[in-house]
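# Summary of the model geometry
One-letter residues, chain by chain:
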Amino acid sequence: MATPDLPIIPEHVAVIMDGNGRWANKRGLPRAIGHSKGVEAVRETVRAAGEAGVRYLTLFAFSSENWSRPEDEINDLLGLLRRFIRRDLAELHRENVRIRVIGDKQNLRGDILPLLLEAEETTRLNTGLTVVIAFNYGARNEITRAVAKLAREVEAGRLKAEDIDARSIGDNLDTAGIPDPDLIIRTSGEERLSNFLLWQAAYSELVFLPEYWPDFNRQLFFDALRIFASRDRRFGGLSAKTAAAAVVG
Ligand code: FPP
């Protein structure tokens, strides 16, 4: 949905949804309430991304480091994800949303993995917005798994070490087939990537917003798109303006 004030729409937006706990603390509420408010913000963001014409929306739902949180909080987060998939899957499917899951799928407990796989399978042929759920995700773990896979190919004689390049590494990441994020948004005022999409973020524009995730909404999503549209992306080369001036001059 390119408009005069949004001349460029990022194809892929990735979001680090941070600040649920602080949002709740500030109000004297349990952290679990912050997380459940966070799911409402997820719903609004999915709708806003679809409306804007974004093709891929990646959500950092649960990191491989989140297992170090207290057991109760882990259960709250897993419960919310479970409920989100059970309750929202039918509607997302109707809306032509495709779900992809990235992260380490080994050794996951209970019913979470089957649910995530069911969400992927049910929506596999949909052609609208792709929502990528990063679950049990850590970029170093993802890169390590990809490199180990390539090493096994070399060991088996199916691949030569000198043929390994950025493309073959990318093709073995969980995000294979998904374009790199053009824009990464992080809420809550923290300004770091925290082991999120480290390979894929090589040329991403980063937008850090002060609001806590439960307060995130359509308006803030469009504000971030506006900031993105105002950036001059160079990918290591010259800006379009500088390049044009060099040709003329
Ligand atoms: C950060 O807040 C947020 C998370 C750890 C997870 C985000 C998860 C959800 C919004 C719910 C489930 C997701 C989906 C896709 C339905 P924090 O607890 O780190 O906040 P704090 O830094 O203020 O403590």
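For the structure itself, look to the data block above.
Taken as a whole, the largest pocket spans an internal volume of roughly 640 Å³. In terms of lining, the largest pocket is formed by 30 residues, of which the most central are Met17, Asn20, Phe60, Ala61 and Leu77. Contributing elements (two or more residues each) for the lining of the largest pocket: helix H1 (20-26), helix H2 (31-52), strand E2 (56-63), helix H3 (71-94) and strand E4 (130-137). Across the lining of the largest pocket, the residue classes break down as 16 nonpolar, eight polar and six charged.

Take the packing of aromatic side chains next. Per the counting criterion, the structure on display carries nine aromatic pairs. Here Phe60 and Phe196 contribute two aromatic rings whose centre-to-centre distance is 4.4 Å and whose plane-to-plane angle is 15°, an arrangement assigned as stacked. One end of the pair, Phe60, is in strand E2; the other, Phe196, is in the loop between strand E5 (183-186) and strand E6 (205-208), with 136 residues separating them in the sequence. One exposure class covers both Phe60 and Phe196, and it is buried. Note on Phe221 and Phe222: the rings are 6.1 Å apart at their centroids and 80° apart in plane angle, and the pair reads as edge-to-face. Through a chain of ring-to-ring contacts, three or more aromatic side chains come together here, namely Phe60, Tyr137 and Phe196. If you follow Arg218 out to its NZ or CZ, it ends over the ring of Phe222, 4.6 Å from the centre.

To continue, consider the sheet that holds E6. The parallel open sheet is built from six strands, whose spatial order is E3-E4-E2-E1-E5-E6. Two strands bound the open sheet, and with one partner strand each, they are strand E3 (98-102) and E6. Across the sheet, the axes of successive neighbouring strands diverge by a mean angle of 20°, strand direction being ignored. The pairing of E2 with E4 spans seven bridges and is classified as parallel. When the bridges of E4 are listed, Leu59 appears paired with Ile133. Packing against the sheet, H2 makes contact with E2 and E4, and its axis sits at approximately 160° to E2. Where helix H7 (residues 218-230) meets the sheet, it contacts strand E1 (12-16), E2, E5 and E6, and its direction lies at approximately 135° from that of E5.

On to the nonpolar core. With 50 residues, the main nonpolar core has Val13, Leu57, Phe135, Ile185 and Phe221 as its most contacted residues. A per-element tally of this core places H3 first, with nine residues. Residues within four places of Leu57 in sequence aside, it is in contact with His12, Val13, Val15, Thr45, Val46, Ala49, Leu129, Thr130, Val131, Val132 and Phe221. If you look at the next biggest cluster of nonpolar residues, it comprises 14 residues, including Ile16, Tyr56, Phe60 and Phe196.

What follows concerns the packing of H2 against H3. Relative to each other, H2 and H3 sit at 25°, their axes nearing to 10 Å. One way to sum up the angle between H2 and H3 is to call them roughly parallel. The chirality of how H2 crosses H3 is right-handed. Counting all contacts with H2, which are made through Arg31, Ala32, His35, Ser36, Val39, Val42, Arg43 and Val46, the residues of H3 involved are Glu73, Asp76, Leu77, Leu80, Phe84, Asp88 and Leu92. Each residue belonging to the contact of H2 with H3 can be placed in one class, and the counts come to eight nonpolar, two polar and five charged.

So, about unusual backbone geometry. Although it is not a glycine, Ser188 sits at a positive phi angle of roughly 85°. Overall, the relative accessible area of 7% leaves Ser188 in the buried class. For Ser194, which is not glycine, the phi torsion reads 45° and is therefore positive. In this fold, Ser194 is placed in the loop between E5 and E6.

Quick notes on the rules
- Each chain has its residues counted from 1, running along the sequence as written.
- Predicted model: local features are reported for residues with pLDDT of at least 70 only, side-chain atom pairs are reported and counted for 80 or more only, and whole-chain, interface and lining totals are derived from all residues.
- The side-chain figures draw on all heavy atoms in the structure; neither hydrogens nor water molecules are used.
- As defined here, a cavity is a set of points on a 1 Å grid over the protein atoms alone where a 1.4 Å probe fits but cannot get out. A pocket is an open set with protein on both sides within 12 Å along at least five of seven lines, and residues line them when an atom is within 4 Å of a point.
- Grid points are joined across faces, edges and corners, and a volume is the space filled by probe spheres set on the points.
- Numbering of helices and strands starts at the N terminus; helices are DSSP runs of H or I of at least 4 residues and strands are runs of E of at least 2.
- Classification convention: Asp, Glu, Lys, Arg as charged; Ala, Val, Leu, Ile, Met, Phe, Trp, Tyr, Cys, Pro as nonpolar; all other residues, Gly among them, as polar.
- The aromatic pairing rule takes the rings of Phe, Tyr and Trp, using the six-membered ring of Trp, and pairs them if the centres are within 6.5 Å, calling planes under 30 degrees apart stacked, those over 60 edge-to-face and the rest tilted.
- Partly exposed describes any residue whose relative accessible area lies between the buried limit of under 20% and the exposed limit of over 50%, with all areas from a 1.4 Å probe on protein chains only and scaled to the type maximum.
- Here, over-ring charges are defined by two tests on the NZ atom of lysine or the CZ atom of arginine: distance to the ring centre within 6 Å, and angle to the ring normal within 35 degrees.
- Criterion used throughout: strands pair if DSSP finds at least two bridges between them.
- Angles shown run from 0 to 180 degrees and are taken between the N-to-C directions of axes, each axis being a line fitted to C-alpha atoms and, for helices, limited to the stretch in contact.
- Contacts were defined at the residue level, with two residues in contact if any of their heavy atoms lie within 4.5 Å.
- We define a nonpolar core as any set of buried Ala, Val, Leu, Ile, Met, Phe, Trp, Tyr and Cys residues linked to one another through side-chain atoms lying within 4.5 Å.
- Should an angle fall under 35 degrees it is taken as roughly parallel, and over 145 as roughly antiparallel, whereas 65 to 115 is taken as roughly perpendicular and any remaining angle as oblique.
- The hand of a helix crossing depends on one turn: near helix anticlockwise from the far one by less than a right angle means left-handed, and clockwise means right-handed.

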